[in-house]
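Results of the structural survey
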Amino acid sequence: LQGKRLNCPVSDLFGGAVHQHIPVLWTLASGDTAKDIEEALGLIETRRHCDFKLKIGSRVLMDDVRHVAAIKDAVGESASVRVDVNQAWDESTAAKGMAELQAAGIDLVEQPTPMKDHAALVRLSQKFHLPILADEAVADGHVHPLVLRRDHPGRADAGDEEVVGNREVADQARRDRAAASPA
């Protein structure tokens, strides 16, 4: 109400806006490359979205890669393109797929391997600079400590805040680290 009374954005009452853009992912889900490109370009043109996610892993690896790479090529640097593999790849397939996706300029791969294969996630994250979002891997509270480590070689986002899909697991990991730290 105070913002309305003063005819100013509420953010000004708190010292000014911190961000001008809050990224919200738009899922391109038709599975048809031409339709997904048209949809993405339309959303970019109207300034509605510039961060896109594609669910992949149900088709042959190179079919998925060609689909995603064509979309990234069409949107170029004007948009972020990420993929969610939904645990569909084994480690060998993930290594091949991530190499291709990294070369295509994809920004992030979500849960490429089965959720319990923490060691594969670690090896993949060390092999590629392409970040991995391991959301299902942290669903049960028994998280391999290296999955949450953000400072190992090969991570493009080394030192960044950790991001996990399950708040309780993240909170417990922070408590565990705090308890283990010397006082």
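Refer to the structure presented above.
Here we summarise the structure given alongside this text. None of these values were measured; they are calculated from a predicted model. (Residues numbered from 1 in each chain as written. Predicted model: local features only at pLDDT ≥ 70, side-chain atom pairs only at ≥ 80, totals over all residues. Heavy atoms only, no water.)

**Side note on the overall build of the protein chain**
When helices and strands are counted, the protein chain shows eight helices and five strands. Mapped in sequence order, the helices and strands of the protein chain form the string α-α-β-α-β-α-β-α-β-α-β-α-α. Going through the 183 residues of the protein chain one by one, you find that 37% of them count as buried. Sequence-distant contacts, at least 24 apart, represent 62% of the contacts inside the protein chain between residues at least 6 apart. On the protein chain, roughly 10,800 Å² of surface is accessible, and the fraction owed to carbon and sulfur atoms is 53%. (Helix = DSSP H or I, 4+ residues; strand = E, 2+ residues; numbered from the N terminus. Buried < 20%, exposed > 50% of the residue type's maximum accessible area, 1.4 Å probe, protein only. Contact = heavy atoms within 4.5 Å. Areas by Shrake-Rupley, 256 points an atom, 1.4 Å probe, with all protein chains shown as cover.)

**Re helix H5 (residues 91-104)**
Over its 14 residues, H5 extends 20 Å from the first C-alpha to the last, a length consistent with the 20 Å expected when each residue adds 1.5 Å. As for H5, its buried residues are in contact with helix H4 (61-75), strand E3 (80-84), strand E4 (108-110), helix H6 (118-127) and strand E5 (132-133). Between a side-chain oxygen at the N-terminus of H5 and the backbone nitrogen of Ser-92 the separation is 3.2 Å; the capping residue is Asp-90. Among the residues trailing H5, Gly-105 stands out with phi positive, at a value near 90°. (Expected span 1.5 Å × (residues − 1). Polar contact = N/O pair within 3.5 Å; in protein donor to acceptor, adjacent residues only side chain to side chain.)

**Brief notes about the pattern of salt bridges**
Per the stated rule, a full pass over the model turns up six salt bridges. For Glu-110, the salt bridge is made with Lys-53, and the minimal N-O distance between the two is 3.0 Å. Taken together, the residues Glu-110 in strand E4 and Lys-53 in strand E2 (residues 51-55) connect sequence positions 57 residues apart. The exposure classification of Glu-110 matches that of Lys-53, with both residues buried. (Salt bridge = Lys/Arg side-chain N within 4 Å of Asp/Glu carboxyl O.)

From the geometry alone we can't say anything about function, so treat these as descriptive.
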